[in-house]
Amino acid sequence: MKVLVVEAAILFFVLLAVMAVVFRSAAARDTLRFARNVAWAYIALVVALAALRAWQQGF
């Protein structure tokens with residue numbers, strides 16, 4: 001089930017990229033930009049949580 005969700009998400013972003021590049025869709029471009037910002041926020045959160053865990057353990 002998890003593989004199906006991952007494959008659907010990958011397909012969704014590939015279709016968005018095609019719409020943004022080939023068809024020059026502004027809505028698709030904005031959605032991709034939002035997804036990029038969410039991904040950067042997720043990465044920052046993971047790094048912050050790792051730093052917090054390292055600080056709690058005394059590293």
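One can find the structure itself at the top, above this paragraph.
Peer 1: Whenever I open this one, the pattern of salt bridges confuses me. Can you help?
Peer 2: Between side chains of opposite charge, a pair can form as their charged atoms come close. Applying the stated criterion across every chain, the model contains one salt bridge. Here R33 makes a salt bridge to D30, at a shortest N to O gap of 3.2 Å. Within this pair, R33 and its partner D30 are both found in helix α2 (residues 26-57), separated by three residues, close to a single helical turn. Classification of D30 by relative accessible area gives partly exposed; the value is 41%.

Peer 1: Just to check I follow, could you spell out a nonpolar patch on the surface for this structure?
Peer 2: On the surface, V6, I10, V14, V18, M19, V21, V22 and F23 cluster together into a nonpolar patch covering about 750 Å² of accessible area. Considering the arrangement of structural elements, one finds I10 in helix α1 (residues 2-21).

Peer 1: How should unusual backbone geometry be read in this particular structure?
Peer 2: Peptide bonds are trans in most cases, and residues, glycine excluded, mostly fall at negative phi. In this model, R24 sits at a positive phi of 55°, which is unusual for a non-glycine residue. Inspection of the secondary structure assignment puts R24 in the loop between α1 and α2. By relative accessible area, R24 is classed as exposed at 68%.

Criteria and thresholds
- Residues numbered from 1 in each chain as written.
- Predicted model: local features only at pLDDT ≥ 70, side-chain atom pairs only at ≥ 80, totals over all residues.
- Heavy atoms only, no water.
- Salt bridge = Lys/Arg side-chain N within 4 Å of Asp/Glu carboxyl O.
- Helix = DSSP H or I, 4+ residues; strand = E, 2+ residues; numbered from the N terminus.
- Buried < 20%, exposed > 50% of the residue type's maximum accessible area, 1.4 Å probe, protein only.
- Patch = residues over 30% accessible without salt bridge, like charges linked within 9 Å, V, L, I, M, F, W, Y side chains within 5 Å.
- Areas by Shrake-Rupley, 256 points an atom, 1.4 Å probe, with all protein chains shown as cover.

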